[in-house]
Amino acid sequence: MTLKDLTLNDSELLARAEAWAKAGRGVAIATVIETWGSAPRPVGSHLVIDSEGNFEGSVSGGCVEGAVVAEALEVIESGQPRNLEFGVADETAWRVGLSCGGKIAVRVEPLT
Amino acid sequence: MNLDDLVELNRRIANREPVAVVTALEAGLEPGDRVVVLSPEDISSQFYAEQLSEAFRTGRSGLVEVGDRRFFLNVHLPPVKLIVTGAVHISQALAEMARLAGLDCAIIDPRTAFATPERFPNVMLLAEWPDQAFSRVKPDRYTAFVALTHDPKIDDPGLIAALRARCFYIGALGSRKTHAKRVERLQSQGFTADEIARIHAPIGLDIGAVSPPEIAVSILAEIVSAMRAKRRAA
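Now for a look at the structure at hand.

Moving on: the overall build of chain A. When helices and strands are tallied, chain A shows four helices and five strands. In chain A, the succession of α and β elements from N to C terminus is α-α-β-β-β-α-β-α-β. Looking at chain A as a whole, 40% of its 112 residues are labelled buried. The long-range fraction of contacts in chain A, counting pairs at least 24 apart against all pairs at least 6 apart in sequence, stands at 53%.

Here it is, written out as structure tokens:
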């Protein structure tokens, strides 16, 4: 793996999602749709996930990606989108909170 | 989103066309009604036309409420271009760093000993004079222009084109003495003091940079600062 693979920008992530789908994998695209307070990644940032659990990109710089990937696998399975929220005010923050104290909303869309 | 829409979205992004993905957030919609891919010319027929046109203008993605419906507008504007005259040591580092920062970079240098693919493996390299190169890589308001050759024959035509195109960032390497001479030459070309003052010289943020990669950091930091000026002011 090269440095380039580790630092795909959001356009390249969408191209990666396209390549995965064309290779026959189930794909979901997670997008930061709202942020409150200090959030590590801006609105519009993507995390792309395939049906094997592979992922590229980030919605929080590493804090909640694991939880988003788990949700995304269910989104791929069901074909139904989900809205997720993460942050200190959220109960799940005890498990997967944002260390920066911010809060983010993430939309997970299946690629159909 | 369906795969056809994603393919179309990626095609427009690759062509440097502005494009938006609009997602309707209420539950129960069919995929085709939920996510659409739109260009600025498709806006007028949409009932969130005003919000989408504002998003295209500012480049800011976000949630909007229209009536009792919520939409997420994700706008993709063409990435900022970086055009550099001078296939020099600093540009080797700057080209790599700019790529990591998501900028589309082009290096121009008619001196073929400098402008070799071995020295610049991952970047658009134009071994020609700026006036020729600019017919292919046009500077515009979304362009940062950086002059690094120290040679007025190469840098000046680039600076002149960058000033005329109103590039959002223009920087030129060289000491204050070198720059004073440059100012005189540009004045004799008819540029006003205000126009010439748009050139950042000495180039780069003052971080005490010494090595070529460090100077590249200071230049890239100054470009990002200019790029995000509106966001910082807001």
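Attention shifts here to helix 1 (residues 3-14) of chain B. All names here are of chain B. Between the first and last C-alpha of helix 1 there are 16 Å, a value that for 12 residues agrees with the 16 Å anticipated at 1.5 Å per step. Leu-6, Leu-9, Asn-10 and Ile-13 are the residues of helix 1 that are buried. Relative to the axis of helix 1, the buried residues are bounded by an arc of 95° and lie together on one face. Phi turns positive, to about 60°, at Arg-16, one or two residues after helix 1.

Listed by partner, the interface residues are 20 residues for chain B and 19 residues for chain A. Among the secondary structure elements, those contributing two or more residues to the side of chain B that touches chain A are helix 1, strand 3 (62-66) and strand 4 (69-76) of chain B. The dominant element in the side of chain B that touches chain A, judged by the number of residues it contributes, is helix 1 of chain B, at six residues. Residue classes in the side of chain B that touches chain A are distributed as 12 nonpolar, eight polar and no charged.

So, on to helix 4 (residues 89-100) of chain B. All names here are of chain B. Look at helix 4: 18 Å from first C-alpha to last across 12 residues, which is about the 16 Å you get at 1.5 Å a residue. Listed in full, the buried residues belonging to helix 4 are Ile-90, Ser-91, Leu-94, Ala-95 and Ala-98. Considered in projection along helix 4, the buried side chains sweep an arc of 130° and stay on one side of the axis. Those residues of helix 4 that are buried are in contact with strand 5 (81-85), strand 6 (104-108) and helix 9 (212-227). Directly beyond the C-terminal end of helix 4, a positive phi value near 90° is found at Gly-102.

This next bit is on the packing of helix 2 (residues 10-22) of chain A against helix 1 of chain B. Following both chains from N to C, one finds helix 2 of chain A and helix 1 of chain B inclined at 140°, their axes separated by 10 Å at the closest point. By the angle between their axes, helix 2 of chain A is oblique relative to helix 1 of chain B. As helix 2 of chain A packs across helix 1 of chain B, the resulting crossing turns out to be left-handed. Seen from helix 2 of chain A, the contacting residues are A:Ser11, A:Leu14, A:Ala15, A:Ala17, A:Glu18 and A:Ala21; seen from helix 1 of chain B, they are B:Leu3, B:Leu6, B:Val7, B:Leu9, B:Asn10 and B:Ile13. The residue inventory of the contact of helix 2 of chain A with helix 1 of chain B, partitioned by class, reads nine nonpolar, two polar and one charged.

Basis of the calculations
Residues numbered from 1 in each chain as written. Chains lettered and ligands numbered in written order. Predicted model: local features only at pLDDT ≥ 70, side-chain atom pairs only at ≥ 80, totals over all residues. Helix = DSSP H or I, 4+ residues; strand = E, 2+ residues; numbered from the N terminus. Buried ≥ 20, exposed ≤ 12 C-beta atoms within 10 Å, placed from the backbone. Contact = placed C-beta atoms within 7 Å. Expected span 1.5 Å × (residues − 1). Arc of directions from axis to C-beta. Nonpolar A, V, L, I, M, F, W, Y, C, P; charged D, E, K, R; others polar. Axes fitted to C-alpha atoms, helices over the stretch in contact; angles between N-to-C directions. Parallel < 35°, antiparallel > 145°, perpendicular 65-115°, else oblique. Left-handed = near helix turned anticlockwise from the far one by under 90°.

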